Amino acid sequence: SSGINAEYGIISDSRQDLVESITEAICHTDSCILVHVHADKGADRLVVSFVGSPTTVIEGALNAAVIVNRTVDMRYNKGVLNPVGALHGVLFTPFSNMAESECEEIANSFSSNLADLLEVPIYHFNTPPIEELGYQGIVGTLPVDPPYGPSEVNPTWGTSFVGHLKGFLMFNVNVVGTKEQAGRICKTLNNRTDLRSRAVVLDESGSVIIACEILAGECWEALDKLVTSHNTSFKADLQVA
């Protein structure tokens, strides 16, 4: 295929040495182009995006996963966003000259390769109830068998989500208000099928964010209306563009 694919990796750590190792592994993968890196200290999360051909994005993602497996131990993760594993998620999206069905094939190929390489369980993106349980809820026993890899959890890794989407955007909204106020906004936002959000308290100071995942561009209009109607001060921190 001559298509160009975009890959988004969500890693449950934000240390600077890890950021450097991950970006180096991707940049040294032939024909992979690093697009964006965001290390969120408060959430203890690293988001990396890059583009390449179908073959090279799989290779680049696997190279990054090997670094994650070597350096991230979920037993010590302090992130508040309830990740499921050291490599929480990997998403493939069509970027240029590529159909969404091709992205599905890429995601399936990556899942199989990752499970075989590291001997870890891999689920389709946001599989219930794995996402709701998070790492702490699955580290003992997996409630459902994964489509790829073993049915046992390596406590240092946890598990991972892999999927494909036509479009994807992650961002945090800093809220000048309480978690309860943010929760009411999330309740309205989550009535949509193309947007997911949840209220999170980041630290002991009580800083509140709304963590959002947008799956379609029309959601921006809905979000703008909600921000205005709730008369609350927000600051969008874009993590993946």
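Everything discussed here concerns the structure shown above.
Residues numbered from 1 in each chain as written. Predicted model: local features only at pLDDT ≥ 70, side-chain atom pairs only at ≥ 80, totals over all residues. Heavy atoms only, no water.

Let's talk about the layout of surface pockets
Part 1 of the reasoning: When its volume is computed, the largest pocket comes out at roughly 410 Å³.
Part 2 of the reasoning: Looking at the largest pocket, it is lined by 24 residues, and the ones nearest its centre are Leu81, Glu131, Arg196, Arg198 and Glu213.
Part 3 of the reasoning: Considering only residue class, the lining of the largest pocket consists of nine nonpolar, eight polar and seven charged. (1 Å grid on protein atoms, 1.4 Å probe; cavity = no way out; pocket = protein on both sides within 12 Å on 5 of 7 lines; lining within 4 Å. Points joined across faces, edges and corners; volume = space filled by probe spheres on them. Nonpolar A, V, L, I, M, F, W, Y, C, P; charged D, E, K, R; others polar.)

A word on unusual backbone geometry
Part 1 of the reasoning: Across the junction of proline 128 and proline 129, the peptide omega takes the value -5 degrees, indicating a cis bond.
Part 2 of the reasoning: Position of proline 129 among the secondary structure elements: in the loop between strand 5 (122-124) and helix 4 (130-138).
Part 3 of the reasoning: The phi dihedral of glutamate 119 falls on the positive side, at around 55 degrees, and the residue is not glycine.
Part 4 of the reasoning: Relative to the helices and strands, glutamate 119 resides in the loop between helix 3 (100-118) and strand 5.
Part 5 of the reasoning: For glutamate 119, a relative accessible area of 62% translates into the label exposed. (Helix = DSSP H or I, 4+ residues; strand = E, 2+ residues; numbered from the N terminus. Buried < 20%, exposed > 50% of the residue type's maximum accessible area, 1.4 Å probe, protein only.)

Remarks on helix 3
Part 1 of the reasoning: With 19 residues, helix 3 extends 27 Å between its outermost C-alpha atoms, agreeing within 8% with the 27 Å of an ideal straight helix rising 1.5 Å per residue.
Part 2 of the reasoning: Within the sequence span of helix 3, burial applies to Cys103, Ile106, Ala107, Phe110, Ser111, Leu114, Ala115 and Leu118. Viewed along the axis of helix 3, the buried residues span an arc of 160 degrees, placing them on a single side of the element. Exposed positions of helix 3 whose direction lies more than 90 degrees from the buried face are Glu105 and Asp116.
Part 3 of the reasoning: Phi turns positive one or two residues past the end of helix 3, at glutamate 119, with a value near 55 degrees. (Expected span 1.5 Å × (residues − 1). Arc of directions from axis to C-beta.)

Re the packing of aromatic side chains
Part 1 of the reasoning: According to the stated counting rule, one finds two aromatic pairs in the structure shown.
Part 2 of the reasoning: When the centroid spacing of 5.6 Å and the interplanar angle of 65 degrees are considered together, the rings of phenylalanine 92 and phenylalanine 110 count as edge-to-face. Of this pair, phenylalanine 92 sits in strand 4 (residues 87-96) while phenylalanine 110 sits in helix 3, placing them 18 residues apart in sequence. Both residues of the pair, phenylalanine 92 and phenylalanine 110, count as buried.
Part 3 of the reasoning: Measuring from centroid to centroid gives 6.0 Å for phenylalanine 125 and phenylalanine 161, while their planes differ by 65 degrees, and the two rings are edge-to-face. (Phe/Tyr/Trp six-rings, centres within 6.5 Å; stacked < 30°, edge-to-face > 60°.)

Overview of the packing of helix 1 (residues 16-27) against helix 2 (residues 54-71)
Part 1 of the reasoning: It is at 8 Å that the axes of helix 1 and helix 2 come closest, and there the two elements cross at 155 degrees. The orientation of helix 1 relative to helix 2 falls into the category roughly antiparallel. Of the two possible hands of crossing, helix 1 and helix 2 adopt the one that is right-handed. On helix 2, the residues that touch Leu18, Ser21, Ile22, Ala25 and Ile26 of helix 1 are Gly60, Asn63, Ala64, Ile67, Val68 and Thr71.
Part 2 of the reasoning: Taken together, the residues that form the contact of helix 1 with helix 2 break down as seven nonpolar, four polar and no charged. (Axes fitted to C-alpha atoms, helices over the stretch in contact; angles between N-to-C directions. Parallel < 35°, antiparallel > 145°, perpendicular 65-115°, else oblique. Left-handed = near helix turned anticlockwise from the far one by under 90°. Contact = heavy atoms within 4.5 Å.)

Some remarks on helix 2
Part 1 of the reasoning: Here helix 2 is 18 residues long and its end C-alpha atoms lie 26 Å apart, about the 26 Å a rise of 1.5 Å per residue gives.
Part 2 of the reasoning: Here helix 2 has its buried residues at Pro54, Thr56, Val57, Ile58, Gly60, Ala61, Leu62, Ala64, Ala65, Ile67 and Val68.

A short note on empty space enclosed by the protein
Part 1 of the reasoning: Summed over the entire model, instances satisfying the criterion amount to two cavities of 30 Å³ or more.
Part 2 of the reasoning: Within this model, the largest cavity holds a volume of roughly 80 Å³.
Part 3 of the reasoning: Of all the secondary structure elements, the ones that give two or more residues to the lining of the largest cavity are strand 1 (4-11), helix 1, strand 3 (45-52), helix 2 and strand 4.
Part 4 of the reasoning: By residue number, the principal contributor to the lining of the largest cavity is helix 2, which donates four residues.

Everything listed here is a matter of coordinates, which is why it stays silent on function.
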